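Structural features, examined
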Amino acid sequence: MPKPYYAKKKTLAEGLMDVGLMVANASQLKAVLDAGYTHDYYLPLVVLISICLLLQVCVGVLILLLGITEDNEEEDPRSNRINKSVVGVIFIITVLNIFIGGFGISASPKLHVSGSTG
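Residues numbered from 1 in each chain as written. Predicted model: local features only at pLDDT ≥ 70, side-chain atom pairs only at ≥ 80, totals over all residues. Heavy atoms only, no water.

An unreviewed UniProt entry lists the chain under the name Ninjurin-1, with Mizuhopecten yessoensis given as the organism. Under the UniProt heading Sequence similarities (unreviewed entry), the entry covering the chain gives this text: "Belongs to the ninjurin family." (UniProt positions renumbered as here; feature names shortened; annotations may be inferred.)

Description of the overall build of the chain
Across its full length, the chain carries three helices and zero strands. Reading the chain from its N terminus to its C terminus gives the helix and strand order α-α-α. A separation threshold of at least 6 residues defines the contact pool for the chain, and within that pool the share at least 24 residues apart is 72%. Surface exposure of the chain reaches about 8300 Å², of which carbon and sulfur atoms provide 69%. (Helix = DSSP H or I, 4+ residues; strand = E, 2+ residues; numbered from the N terminus. Contact = heavy atoms within 4.5 Å. Areas by Shrake-Rupley, 256 points an atom, 1.4 Å probe, with all protein chains shown as cover.)

Observations regarding the pattern of salt bridges
Enumeration according to the criterion identifies one salt bridge in this entry. Of the charged contacts in the structure, one is a salt bridge between aspartate 34 and lysine 30, with a shortest N-O distance of 2.9 Å. A residue pair is termed a helical-turn pair when its members lie 3 or 4 positions apart in one helix, as aspartate 34 and lysine 30 do in helix H1 (residues 3–35) at four residues. A relative accessible area of 58% places aspartate 34 in the exposed class. (Salt bridge = Lys/Arg side-chain N within 4 Å of Asp/Glu carboxyl O. Buried < 20%, exposed > 50% of the residue type's maximum accessible area, 1.4 Å probe, protein only.)

Regarding the nonpolar core
Val32, Ile49, Val59 and Ile100 are the most contacted members of the largest nonpolar core, which has 19 residues in total. Of all the elements in the fold, those that place two or more residues in this core are H1, helix H2 (42–69) and helix H3 (78–103). When residues of this core are assigned to their parent elements, the largest contribution, eleven residues, is made by H2. (Core = buried A, V, L, I, M, F, W, Y, C linked by side-chain atoms within 4.5 Å.)

Description of the environment of leucine 96
Structurally, the position occupied by leucine 96 is in helix H3. Judged by its relative accessible area of 16%, leucine 96 falls in the buried class. With 47 residues separating them along the chain, leucine 96 and isoleucine 49 place their C-alpha atoms 8.0 Å apart. Here leucine 96 is in contact with Leu48, Ile51, Cys52 and Leu55, once residues within four sequence places are set aside.

Quick look at the structure:
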């Protein structure tokens, strides 16, 4: 398989992964906004998810630029820098999503257990 063909398929796969993660983050942001200020970590989650969404848009733009420049990889040194930038930003997005998952919305509401046994 020729290198440019593989590189284009890899770039396409990264783009699709980025879209999937962006949809998940948008869904998490909606859940946090629906929970409102009553959620214990409302503000940190809104900030972290917003940063992730912004970084994901940046990765999308960088992947588009990489798709334009990777045909002439030997002639255009920008593609190597863009590729390294994409990898770095994706790493940051991954770390932020780990924190979002840790602070995230639980599927079940908090139950208040009373001390009486009936």
